[in-house]
Amino acid sequence: MIILKLGGSIITNKDSKDPICNYGALKRLANEIKSVLINNSKEKLIVVHGAGSFGHNFANKYDIGSIFKDENDFNYKRKGFSITNNCTKKLNTYVCDALIEFDIPAIAVQPSSIFMAENKRIIQSNIDLIKKYLDLGLVPVLYGDVILDVNEHINLVVISGDQIINYLARELRPNKVILGTDVDGVYNKNPKTNVDSKLIHQVSSLNDLDSQDSTTNIDVTGGMFGKIKELLCLAELGINSQIINANNPNLMKNALLGDETIGTIVKID
Ligand code: ATP
Ligand code: IPE
């Protein structure tokens, strides 16, 4: 089984104020995924995608995930929860459109309908549904979304695609976890703001990074630092993951085919 992440920075214009989908990248990646599946039709695949400009702007604007100050604040956040959910769902439709166009039997799974959180971490899910889809050869497509939290002081929270990957990988023990993002892998510091940053081929601890820069201002789920935290939890269980630049044609395909020299491997020796 493979769990694959399509980062919000790849499939959307993440820096945009408005939701903008990067259809070109999406189709190219769907084609790369298909070219691998054709030769291995028995491979189970889950696709998780980020929200990019379809999620972060709204989650930020409505401050989803912070404690309710009063009744007005609750009403405001409730509206934001609904808007964010609706917009991430639209992006999910575009992702599924692209996968289906390339004959990948995608099935949209709305995180807000199958997950519950406690203090912003997923504690409950309908995992049997996902297992059944996989058994039937379908490809579940999940995404960073807003979900309910049992903590009554927050109730409405954001979960990243990376947290979903962490949760699913614990439950389903895939043999491969690949995350496509817009940089060549993990660097000792943010490569977009530091010309002297160096690519790290293997990350085994958060200390491998010099700084805790995340990504752009709009990222509400922790950017690269948040991503590595989730992946290190998996590495502790012996589930390794690979972060690659999905903007470079064929890297996703080659990573799916098993090329571990690409990007960064998150692994504890
Ligand atoms: P996610 O769904 O987790 O948000 P994503 O693919 O959209 O996935 P980002 O969260 O945007 O990825 O993280 C990628 C960004 O992280 C890069 O564009 C880069 O600017 C930033 N970044 C910050 N620190 C680092 C680092 N040490 N190494 C690599 N990238 C870093
Ligand atoms: C964010 O999910 C979810 C929302 C803001 C609703 P991600 O953190 O997985 O999204 P990207 O990949 O950064 O865009």
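Before reading further, recall that the structure is shown in the block above.
### Description of the packing of aromatic side chains
Move 1: Scanning the model with the defined rule gives 5 aromatic pairs in all.
Move 2: Ring geometry for Y23 versus Y94: centroids 5.3 Å apart, planes at 70 degrees, classification edge-to-face. Separated by 71 residues along the polypeptide, Y23 in helix 2 (residues 23-37) and Y94 in helix 4 (residues 71-101) bring together distant segments of the chain.
Move 3: You can call Y23 partly exposed: its relative accessible area is 43%.
Move 4: On the basis of relative accessibility, which here comes to 27%, the residue Y94 falls in the partly exposed class.
Move 5: With 6.1 Å between their ring centres and 75 degrees between their planes, F54 and Y94 make a pair best called edge-to-face. Linking F54 in the loop between strand 2 (45-49) and helix 3 (56-61) with Y94 in helix 4, this pair joins segments that are 40 residues apart in sequence.
Move 6: For F54, a relative accessible area of 4% translates into the label buried.
Move 7: Put simply, the rings of Y23, F54 and Y94 pair up and form one aromatic cluster.

### A word on the side chain of S241
Move 1: Mapped onto the fold, S241 is located in strand 13 (residues 241-245).
Move 2: Sequence-distant contacts of S241, that is, excluding residues within four places in its chain, are made with V177, L179, L231, T264, I265 and V266.

### Some thoughts on helix 7 (residues 161-172)
Move 1: Under the 1.5 Å per step criterion, the end-to-end length of helix 7 is 16 Å for 12 residues, consistent within 8% with the ideal 16 Å.
Move 2: The element helix 7 is extensively covered by neighbouring structure, given that 10 of its 12 residues are classed as buried.
Move 3: Within the sequence span of helix 7, burial applies to G161, D162, Q163, I164, I165, N166, Y167, L168, A169 and L172.
Move 4: Phi turns positive, to about 45 degrees, at R173, one or two residues after helix 7.

### Description of helix 6 (residues 127-135)
Move 1: Within helix 6, the full set of buried residues consists of I127, I130 and L134. Projected down its long axis, helix 6 carries its buried residues within an arc of 60 degrees, all on one side. Exposed and oriented more than 90 degrees from the buried face of helix 6 are D128, K132 and D135.
Move 2: Among the residues trailing helix 6, G137 stands out with phi positive, at a value near 80 degrees.

### Regarding unusual backbone geometry
Move 1: Here N119, not a glycine, exhibits a phi torsion of approximately 50 degrees, which is positive.
Move 2: In this fold, N119 is placed in the loop between strand 4 (115-118) and strand 5 (121-125).
Move 3: If you check the backbone angles, N155 has positive phi at about 60 degrees while not being a glycine.
Move 4: Structurally, the position occupied by N155 is in the loop between strand 7 (145-149) and strand 8 (156-159).

Scoring rules and cut-offs
Residues numbered from 1 in each chain as written. Chains lettered and ligands numbered in written order. Predicted model: local features only at pLDDT ≥ 70, side-chain atom pairs only at ≥ 80, totals over all residues. Heavy atoms only, no water. Phe/Tyr/Trp six-rings, centres within 6.5 Å; stacked < 30°, edge-to-face > 60°. Helix = DSSP H or I, 4+ residues; strand = E, 2+ residues; numbered from the N terminus. Buried < 20%, exposed > 50% of the residue type's maximum accessible area, 1.4 Å probe, protein only. Contact = heavy atoms within 4.5 Å. Expected span 1.5 Å × (residues − 1). Arc of directions from axis to C-beta.

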